[in-house]
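Structural characterization, general
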Amino acid sequence: MALLKIRHYPDPVLKKVAVPVTEFDETLRQLAHDMAETMYAAPGVGLAAPQVGISKRLTVIDCSVRDEEAQLLILVNPEIIHREGESCEEEGCLSVPEYYAKVDRSAKVRVRFQDLDGQPHVIEAEGLTSVACQHEIDHLDGILFVDHLSPLKRSIFRKKWKKIEEHRTEQM
Ligand code: NI
């Protein structure tokens, strides 16, 4: 097990569309477990492979902090096949630390994915897990939560982000 380095906005890997996973081997298993360890250590409720510099369609999610029923989800090649209702919750992202904003999402989603052995599954997600699925699958398409903000809010984000980065550089 190892902690992986989390890439921050505006790292170009975060803008790339990730490629489907085709090899369900030990390398994939190791990557998924390292990503889970990195997510728990951060701490965060979701992490997608592009966030650790690997442009593959793999994400880990664990929303048990908010939802006791939740457990670790490892989603390979996930795809949203059904959406229902509306939700607008405050989101953050390990690649955009210290910045939070409300994002319009679907309230419930049905997600088709493969497990680490390549077996297909379908899950129904609601609440924080639904938001996390949408947020993480966006990462696989090169989309960050700040990309969903209105032009005005995005310009406010860019100004705030500059300050956050300057502050971080001063601390180093
Ligand atoms: Ni994120």
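Described below are features of the structure shown in this document. (Residues numbered from 1 in each chain as written. Predicted model: local features only at pLDDT ≥ 70, side-chain atom pairs only at ≥ 80, totals over all residues. Heavy atoms only, no water.)

Before going further, it helps to spend a moment on the sheet that holds strand β7 (residues 120-126). Hydrogen bonds between backbone atoms are what pair the strands of a sheet, whose relative direction is either parallel or antiparallel. Taken in spatial order, the five strands make up an open sheet running β1-β2-β3-β6-β7, and their pairing is antiparallel. Each edge of the open sheet carries a strand with a single partner, namely β1 (46-48) and β7. Taken over all neighbouring pairs, the strand axes of this sheet differ in orientation by 40° on average, direction set aside. Of the pairings in the sheet, the one linking strand β6 (residues 108-114) to β7 comprises seven bridges and is antiparallel in character. Each bridged residue has a counterpart across the sheet, and for Arg 110 the counterpart in β7 is Glu 124. Across the sheet, helix α1 (residues 26-41) touches β1, β2 (58-61) and β3 (73-84), and the angle it forms with β2 is around 40°. Across the face of the sheet, helix α2 (residues 127-140) comes into contact with β1, β2, β3, β6 and β7 while running at roughly 110° to β3. (Pairing = 2+ DSSP bridges. Helix = DSSP H or I, 4+ residues; strand = E, 2+ residues; numbered from the N terminus. Axes fitted to C-alpha atoms, helices over the stretch in contact; angles between N-to-C directions. Contact = heavy atoms within 4.5 Å.)

Read these as spatial facts, not as claims about activity.
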